[in-house]
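# Architecture and fold: a report
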Amino acid sequence: MDKASPDCPYPGCFFCVMKEGNPSKRRAGILKFFRDLPSQDDDGQVLPISGLWNTAMAHPNDPEFIELGIFECMSALIWKGLKNRRWLSHDQNIYIPYYAAHIIGSYTMNMEEFAESAVHAGVIPPLVELLRGRLTWVEQRVAVRALGHLATYTSTFPSVASHGEILEVAIQLAMSSLEIVYSHFYQYVDRRLSYHCDLLTRGMGGVEMESRKAEEWASQLQCWSLQLINCFAFKPEFLPTICKPEFLVKLPGMWGGLVNENSPAGIGLLRTICHHKIGRGSVASCPGIIEALVNIACSSDDWQYMAIDCLLWLLQDPSTCHKVIDKAVPALVDLAEITTLGDHKKLGDTIVNVLQECIQSQGTGRSSVSNRTKELIEELLSSRQRLKWEKNIPKEDLHIKQAAALVVKLEGNSLFSSGNIAGAASKYSEALSLCPMRSKKERVVLYSNRAQCHLLLQQPLAAISDATRALCLHNPLNRHAKSLWRRAQAYDMLGLAKESLLDAILFINECSQSNDPDLSLRQNKVPDYAERLVKKQMRAAWLFREAAIKLGGVHCEGDAGDMYGQDTDDSEWETASESDIGNDGRDEMGDEDDDDSEWKNEDERKAKFKKPSMKDIKHGFNVQLTEDEP
């Protein structure tokens, strides 16, 4: 063990020990290495630690190092860095606490027995010190990750929870993590710690890469903080600490960027909170949360089902139903055509059943429903009855209804072409009342066309409602390109940048796969109008936007300096007219693409949003919304 390789200058070198061919000697060497390393002050210690980090990342379920004392070694190294600043600043030792905490997190993320070993080895106290910010935000990131894994397991959660400050610190970190990273790394390029830059880029530096990785790591710091809090939220006794209005109100906006799709994010934590009566009461009483839940429920992101769950649970609770029903029902009615969403089967039926219970509870005094809300629920229930009735009528009668709906739709197209947008919307509504409920493709088109009319009439809420209904009817769910685009524009009109961004990105993805010549991305080129909207919303939804505004500006490279500056061409707003009119009105029932909007002449359009005059409704071309319109 003490004899190094002839080419190795270090006695007891870890890498030489790992090359030992005799398994018994190898294990004895590793055991001695883990036991002796914290007491050594030799140079070059970071090399074996980084090697252990690579091993832990690649083989987190391998028990060998666990059995030989790696947790005790990593815990001792963190304590050494916290207590001995002279040692920490020597050579490259500054990296060691980071790697040590990361190793603990990697070995505890999958295996409960490993987590138990880590707790017995005493890893929690030094991790808590890192979580409190005794070093820097970089070490906080890996500490909260490791503690989140330890809090996941039933057997080790009590040991985490016994450190009372962990939950409070995690809450503060979730709220302030973006500001911390922005102010301590992103804002001032010339003040960045060199070891932070090295860790973020693994030696492949460059200011731009450092900034991008800082955004990713800031996102992870927030998401892992939320994951840790989420473990506490399953226990009702911790909800009073979590359910403070100043924290709850921020949760819907904690998306964690677009890179942590497996995180519960803020909406996932809200869903856990809404499992409990205490949590539902706090959520229902917090201004703005229900509106945010409605926006997420009607969006096309991966967490849509979580927001729907929250709204349904709030409606089913007699103590919260009356507080949320008028805000939640319009969105849930739009979503009632969903069949399957993630693991949710027959989600639309569940929505209908919950809303029906809300109406039936009127006589018991459980809740108070406005007349408008009651009308929406009754219309939904009537449509379900209509669907049942249609199953029993002859096919010939259904074909007659289809033909009648087609005639009315064509009348709407004609009115749209002549500039009578309100009249066209009315005709599309009439066609929807005639169109059989089972004719989903045709209803997708009618809802999408009516959404277009609402956009031109400056009615973004109505446009979102119709586009959402079209997307729920479409198969696959949330993948009707033109409805995504129209809803993206409507969200833009309301200033909902993140929702608009998601729809715009999905629109581009759908275009890339479309066979429709009006939608397909020619030569893999993103349409100019879509690119402009995405750029605008990326700026508006920039991860550090609020921190930059609060701290007085952006000091970084590239476009980020204009994140909240003056308007540019990226703020342009696009819409379009009917394409089937360009085909002389020839269309066939069931062809969903025959009467949607064309996507031509992008380069000719100026799109700052103003109400268009009727002369802008061009036969077979996109509506042009320009600065000089009244």
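Everything here concerns the structure above.
In what follows, the accompanying structure is described. This one's a predicted model, so the numbers in the text were calculated from it and none came from an experiment.

In this section: the overall build of the chain. Secondary structure summary: the chain contains 32 helices and zero strands in total. Restricting the contact set of the chain to residue pairs at least 6 apart, pairs at least 24 apart contribute 69%. For the chain, the computed accessible surface area is about 27,000 Å², with 50% contributed by carbon and sulfur atoms.

What follows concerns the environment of Ile421. Looking at the secondary structure, you find Ile421 in helix H25 (residues 421-434). Residue Ile421 is classed as buried on the basis of its relative accessible area, which comes to 3%.

Let's shift gears to the pattern of salt bridges. In this structure the tally under the stated criterion is 26 salt bridges. Residues Glu411 and Lys427 are paired through a salt bridge, measuring 2.9 Å at the closest nitrogen-oxygen approach. Of this pair, Glu411 sits in helix H24 (residues 395-418) while Lys427 sits in helix H25, and the two are 16 residues apart along the sequence. A residue is classified by how much of its surface remains accessible, and Glu411, at 34% relative accessible area, is partly exposed.

So, on to unusual backbone geometry. Residues Asn475 and Pro476 are joined by a peptide bond in cis, for which omega reads 5 degrees. Inspection of the secondary structure puts Pro476 in the loop between helix H27 (460-473) and helix H28 (481-494). Phi is positive for Gln458, which is not a glycine, with a value near 60 degrees. Exposure remark for Gln458: the relative accessible area of 35% places this residue in the partly exposed category.

Moving on, we get to the packing of aromatic side chains. Counted by the stated rule, this structure contains 21 aromatic pairs. Between Trp53 and Tyr99 the ring centres are 5.6 Å apart and the planes differ by 55 degrees, which places this aromatic pair in the tilted class. Of this pair, Trp53 sits in helix H3 (residues 46-58) while Tyr99 sits in helix H7 (residues 96-107), and the two are 46 residues apart along the sequence. In terms of burial, Trp53 and Tyr99 fall into one category: buried. Members of the aromatic cluster, joined through ring pairs, are Trp53, Tyr98, Tyr99, Trp137, Phe185 and Trp217. Over the face of the ring belonging to Trp79 we find Lys83, whose NZ or CZ atom lies 4.8 Å from the ring centre. Against the face of Tyr186 rests Arg192, its NZ or CZ located 6.0 Å from the ring centre.

As a further point, take the environment of Ala462. By secondary structure assignment, the location of Ala462 is in helix H27. Accessibility expressed as a relative area gives 26% for Ala462, which makes it partly exposed. Sequence separation between Ala462 and Ala490 is 28 residues; the distance between their C-alpha atoms is 8.9 Å.

The next subject is the packing of helix H19 (residues 289-297) against helix H20 (residues 304-316). Viewed as axis vectors pointing N to C, H19 and H20 meet at an angle of 135 degrees, and their least axial separation amounts to 7 Å. What the angle tells us is that H19 and H20 run oblique. In the packing of H19 onto H20, the handedness of the crossing is left-handed. Taken together, the residues of H20 that come into contact with H19 (itself represented by Ile290, Leu293, Val294, Ile296 and Ala297) are Gln304, Ala307, Ile308, Cys310, Leu311 and Leu314. In terms of residue class, the contact of H19 with H20 is made up of 10 nonpolar, one polar and no charged.

The contact between helix H5 (residues 70-83) and H7 brings their axes to 9 Å, and the two run at 150 degrees. Considering their axes alone, H5 and H7 lie roughly antiparallel with respect to each other. For the crossing formed where H5 meets H7, the hand is left-handed. Note on element contacts: H7 touches H5 through Ile96, Pro97, Ala100, Ala101, Ile103, Ile104 and Tyr107, opposite Ile70, Phe71, Met74, Leu77, Ile78 and Gly81. Residues of the contact of H5 with H7, tallied by class, amount to 12 nonpolar, one polar and no charged.

Cut-offs used in this document
- Counting from 1, residues in each chain are numbered in the order their sequence is written.
- Local features are withheld for residues below a pLDDT of 70 in this predicted model, meaning they are given only at 70 or higher, and side-chain atom pairs are given and counted only at 80 or more; totals for whole chains, interfaces and linings count all residues.
- The side-chain figures draw on all heavy atoms in the structure; neither hydrogens nor water molecules are used.
- In DSSP terms, a helix is any run of H or I states spanning at least four residues, a strand is any run of E spanning at least two, and both are numbered starting from the N terminus.
- What makes two residues a contact is simply this: any of their non-hydrogen atoms within 4.5 Å.
- Working definition of accessibility: Shrake-Rupley area with a 1.4 Å probe, residue cover restricted to the visible protein chains.
- Burial classification: accessible surface area is computed with a 1.4 Å probe over protein chains only, and a residue below 20% of its type maximum counts as buried, one above 50% as exposed, and the rest as partly exposed.
- Take a side-chain nitrogen of Lys or Arg and a carboxyl oxygen of Asp or Glu: if they are within 4 Å of each other, that pair is a salt bridge.
- Within 6.5 Å between ring centres, the rings of Phe, Tyr and Trp (the latter by its six-membered ring) count as paired, and their orientation is classed by plane angle as stacked under 30 degrees, edge-to-face over 60, tilted in between.
- Geometrically, a lysine NZ or arginine CZ counts as sitting over a ring once it is within 6 Å of the ring centre and also within 35 degrees of the ring normal.
- Axes here refer to lines fitted to C-alpha atoms; in helices the fit is confined to the stretch in contact. Angles between the N-to-C directions go from 0 to 180 degrees.
- For this classification, under 35 degrees means roughly parallel, over 145 means roughly antiparallel, 65 to 115 means roughly perpendicular, and everything else is oblique.
- In this scheme the crossing of two helices becomes right-handed for a clockwise turn of the near helix relative to the far one and left-handed for an anticlockwise turn of less than a right angle.
- Amino acids outside the nonpolar list (Ala, Val, Leu, Ile, Met, Phe, Trp, Tyr, Cys, Pro) and the charged list (Asp, Glu, Lys, Arg) are all regarded as polar, and Gly is one of them.

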